[in-house]
Amino acid sequence: MTRSYNIVSIPGDGIGPETNGAAVRVLEAVAQKYGFEPRITEYKAGGCAIDAFGVPLPGETLQAAQDSDAVLLGAVGGPRWDMIEAERRPEQAILGLRQGMHLYANLRPATLYKELGDVSPLKNPGKIDLLIVRELTGGIYFGKQGSYKSSEKLFDGTRKGIVAFDTESYSEAEITRILRRGFEFARIRNKKLTLVDKANVLNTSRLWRQLAKEIAGEYSDVELEFLYVDNCSMQLVARPATFDVIVTSNMFGDILSDLAGQITGSVGLLPSASMGNPGMPGLFEPIHGSAPDIAGQNKANPIASILSVGLMLKLHLGENDAADSISEAVRKTLEQGARTPDIAIHGDEEDKRDITLVNTTEMTDKIIANLE
Ligand code: NAD
């Protein structure tokens, strides 16, 4: 019997429909080659859902996502919806999907393709191949927040005025399940796990460290390293090749993964997977946003979205050969010199000789042609 998967596609806003469209084309092509059937249904979320239904995450979109095997998401947001109040902004769709699908582990691999060494802003980056495992549904983004008017004064007598606060809070259960994900990925990769925190200042970080030390005994084959987040930012630039798996909290992971993205060349290259407990649907999306500055111009790099399909097939649906075929097709296409504008801007004239500037559709065509 043909293996069949119920995939929800949410193109979203800006370049989302362009890059997600590319991802769907690659999924259909690779499925045909490897003998499985993706049953793809499209739903709205983000700004386009606000326009159509008045809310960023319509109930039918969330329901379909919860009932699916996996969700492929483009990106949401854009200046058209920037003036809307916080609770109804397009980005709420992402938070709503993460919460509603119980996706607590965000996996962000960052790999520097040797063909793109000249696109990295680092001079001698070495072999970058790291995985950031970011906690996704706890911490300061979901803690108690608010604001109030204070009658207190600063030491010099100035009135404090309005005070706003956000609260970082993590439970043992939330920390343990994400740490275990980190250890397990390290175990099947290069056996090194770096816990990034701010344990010199934050109570929550001290709990992360304590639990990591306790669990480490079960993963004696994995080397455990601790780094403060400020130091980690420096080390990611100074010695990126020495990292394997980084596990960290929601906010630190958010920031560090953009840094990791930039040192590998372009945000247009980086996929991500958001996963919950085994057996539950996962969400797969590029780490970039809706890039309003290039939307509708067929210029966006589709590779991050295409590699997100690869993550879905490998980490979630167990279609390993199809996933490997996508990674290899992307590598080969870059080796052949195809470059969207975001990865064609560096290097001297000599380096550019073998480069072909392509648009989103052409890059996708070439990757599909290279699927084996
Ligand atoms: P962005 O990632 O959209 O763009 C940052 C820069 O990277 C821009 O110059 C853009 O042109 C470029 N870029 C992004 N993706 C690219 C691609 N595939 N190919 C080539 N270049 C690419 O981030 P931003 O400008 O901060 O945000 C724009 C909008 O996207 C905002 O509304 C933001 O809230 C939203 N956003 C959404 C998500 C999401 O849907 N998951 C994530 C981040 C930002």
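Conventions adopted
Residues numbered from 1 in each chain as written. Predicted model: local features only at pLDDT ≥ 70, side-chain atom pairs only at ≥ 80, totals over all residues. Heavy atoms only, no water. Buried < 20%, exposed > 50% of the residue type's maximum accessible area, 1.4 Å probe, protein only. Helix = DSSP H or I, 4+ residues; strand = E, 2+ residues; numbered from the N terminus. Pairing = 2+ DSSP bridges. Domains from an automatic or database assignment. Buried area = accessible area lost by both parts, 1.4 Å probe. Salt bridge = Lys/Arg side-chain N within 4 Å of Asp/Glu carboxyl O. Polar contact = N/O pair within 3.5 Å; in protein donor to acceptor, adjacent residues only side chain to side chain. Nonpolar A, V, L, I, M, F, W, Y, C, P; charged D, E, K, R; others polar.

## Side note on the pairing of strand β4 (residues 105-111)
In step 1: Most of β4 sits inside the fold, with 6 of its 7 residues counted as buried.
In step 2: Bridging between β4 and strand β5 (residues 129-135) involves 7 bridges; their strand directions are antiparallel. Bridging from a neighbouring strand, Ala105 pairs with Glu135 of β5.
In step 3: Two strands pair when backbone bridges link them, and β4 and strand β11 (residues 271-275) are joined in this way by 3 bridges, in the antiparallel orientation. Looking across to β11, one finds that Asn106 is bridged to Ser274.

## Examining the pairing of strand β7 (residues 159-166)
Strand residues, when the strand is regular, have side chains that alternate between the two faces of the sheet.
In step 1: Of the pairings in the sheet, the one linking strand β6 (residues 145-153) to β7 comprises 7 bridges and is antiparallel in character. Among the inter-strand pairings, Tyr148 is bridged to a residue of β7, identified as Val163.
In step 2: Where β6 hands over to β7, the hairpin turn is made up of 5 residues, of which Gly157 adopts a positive phi near 95°.

## Quick look at the domain arrangement of the chain
Interfaces are frequently sized by the accessible area removed from exposure as the parts join.
In step 1: Domain annotation of the chain identifies domain 1 (1-101 + 281-372) and domain 2 (107-140 + 172-270).
In step 2: Here the C-alpha centre of domain 2 lies 23 Å away from the C-alpha centre of domain 1.
In step 3: Roughly 1,800 Å² of surface becomes buried between domain 1 and domain 2 when both sides are summed, with 66% attributable to carbon and sulfur atoms.
In step 4: At the junction of domain 1 with domain 2, the criterion picks out 1 salt bridge.
In step 5: Arg331 is paired through a salt bridge with Glu115; the nearest N and O atoms lie 3.6 Å apart.
In step 6: Joining domain 1 to domain 2, the criterion identifies 4 residue pairs in polar contact (both at pLDDT 80 or more).
In step 7: Looking at the side of domain 1 that touches domain 2, the elements with two or more residues in it are α9 (303-316) and α10 (320-335).
In step 8: By residue number, the principal contributor to the side of domain 1 that touches domain 2 is α9, which donates 5 residues.
In step 9: Across the side of domain 1 that touches domain 2, the residue classes tally to 10 nonpolar, 4 polar and 6 charged.

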